[in-house]
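# Structure assessment
Below, each chain spelled out in residue letters.
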Amino acid sequence: MRILSVLICLFSLSVVAQPKAVLDKTAYQFWLNEPKNVQDKNPLIIFLHGRSLSGSNIDRVKRYGALKGIEKGLNIPAYLVAPQLPSGPWNPDKVDEIVKYVIDNYKIDESRIYVTGMSLGAYGTMKYASKYADRIAAAIAICGGGEERDACNLTDIPIKLIHGDKDFIVPLKESKKIMTAIQSCNKKAPVELEVVKGGNHGSVEDLYRHMDLYNWLLQFNKK
């Protein structure tokens, strides 16, 4: 009986820890994962996927990225939202609609809101951080780039660009180009580029399965 009770308890905990789909509340459907230990105020991390996961089947968003990291056992001490893009480029206003919804309905520390994405989601990350620079504490963009016209809005945000040097889908020069544009606006801008030796467009996704990526984001607070 005692063993059965323990198994039931463990099963219940595993169920609670699963991401839940939030449908028809905002323009983008999204997954929401709550931290295991909810505090009075909690960080919020936004994950934006690449083009291959776009569509109307929200389960596709679990195929890689932050949700895959959680599936593999990561305990991220933050609320995580992972929206699905139906088609086209990411719309920063629709992403922010999700952020507002989560702020209104959960215990979010508004000084600790972060955005990260890869490939098309990396471009979306830079676009969102540019338009909502006052909201974002830090950003990580993996194997993507950004629009140079947005660069001067990004000079006050800690940004890490990560790119594989064997990426033949989105070349490394895309990350270099947006970093140069940001630094042209402000030489002291807190932007950095990490080049993954031998990394291709898909292999760098593995970074989402390790806490180092999330710890880098979570060290920053928006003043």
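As a starting point, this report considers the structure included with it. Values in this document were obtained by computation on a predicted structure and should not be read as measured data.

A pair of packed helices is characterised by two quantities: the angle between their axes and the separation of those axes. Running from N to C, helix α3 (residues 92–105) and helix α4 (residues 120–131) point in directions that differ by 75°, and their axes come no closer than 9 Å. One way to sum up the angle between α3 and α4 is to call them roughly perpendicular. Contacts between α3 and α4 pair Pro-92, Asp-93, Val-95, Asp-96 and Val-99 from the former with Lys-127, Tyr-128 and Lys-131 from the latter. Here the contact of α3 with α4 is built from residues that sort into 4 nonpolar, no polar and 4 charged.

Relative to the helices and strands, Asp-96 is located in helix α3. Only 2.5 Å separates the side chain of Asp-96 from the side chain of Tyr-128, close enough to count as a polar contact. With residues up to four places along the chain from it excluded, the contact list for Asp-96 reads Tyr-128, Tyr-132 and Arg-135.

It is worth spelling out the state of the cysteines at this point. Applying the stated rule across the entire model yields 1 disulfide. Note on cysteine connectivity: Cys-152 is disulfide-linked to Cys-185, with sulfurs 2.0 Å apart. The chirality of the disulfide connecting Cys-152 with Cys-185 is left-handed, given an S-S dihedral of about -70°. With a gap of 33 residues between them, Cys-152 in the loop between β6 (138–142) and β7 (159–164) and Cys-185 in helix α5 (residues 173–185) connect regions that are remote in the sequence.

So, about α4. If you check α4, its first and last C-alpha atoms are 17 Å apart, about what 12 residues at 1.5 Å a residue would give, namely 16 Å. Burial analysis of α4 places 10 of its 12 residues in the buried class, which makes it a mostly covered element. Of the positions making up α4, those classed as buried are Leu-120, Gly-121, Ala-122, Gly-124, Thr-125, Met-126, Lys-127, Tyr-128, Ala-129 and Ser-130.

This next bit is on the pairing of strand β8 (residues 191–196). Sheet topology places β7 next to β8; 6 bridges connect them, and they run parallel. Directly across from Ile-159, in β8, lies its bridge partner Val-191. Once the chain exits β7 it traverses α5 before rejoining the sheet at β8, and the crossover so formed is right-handed.

Time to look at the sheet that holds strand β4 (residues 79–83). Reading across from one edge, β1-β2-β4-β3-β5-β6-β7-β8 is the order of the 8 strands in this open sheet, with mixed pairing throughout. Of all strands in the sheet, those with a lone pairing partner are β1 (20–22) and β8, marking the two edges. Adjacent strand axes in the sheet meet at a mean angle of 20° when their direction is disregarded. As paired strands, strand β2 (residues 30–33) and β4 are joined by 4 bridges and run antiparallel to one another. Bridging from a neighbouring strand, Trp-31 pairs with Ala-82 of β4. Sheet strands touched by α4: β3 (42–48), β5 (108–118), β6 and β7. Its angle to β5, the strand with the most contacts, is close to 145°.

Definitions and limits used
- Residues numbered from 1 in each chain as written.
- Predicted model: local features only at pLDDT ≥ 70, side-chain atom pairs only at ≥ 80, totals over all residues.
- Heavy atoms only, no water.
- Axes fitted to C-alpha atoms, helices over the stretch in contact; angles between N-to-C directions.
- Helix = DSSP H or I, 4+ residues; strand = E, 2+ residues; numbered from the N terminus.
- Parallel < 35°, antiparallel > 145°, perpendicular 65-115°, else oblique.
- Contact = heavy atoms within 4.5 Å.
- Nonpolar A, V, L, I, M, F, W, Y, C, P; charged D, E, K, R; others polar.
- Polar contact = N/O pair within 3.5 Å; in protein donor to acceptor, adjacent residues only side chain to side chain.
- Disulfide = S-S within 2.5 Å.
- Expected span 1.5 Å × (residues − 1).
- Buried < 20%, exposed > 50% of the residue type's maximum accessible area, 1.4 Å probe, protein only.
- Pairing = 2+ DSSP bridges.
- Right-handed = clockwise from strand over helix to strand, strands pointing away.

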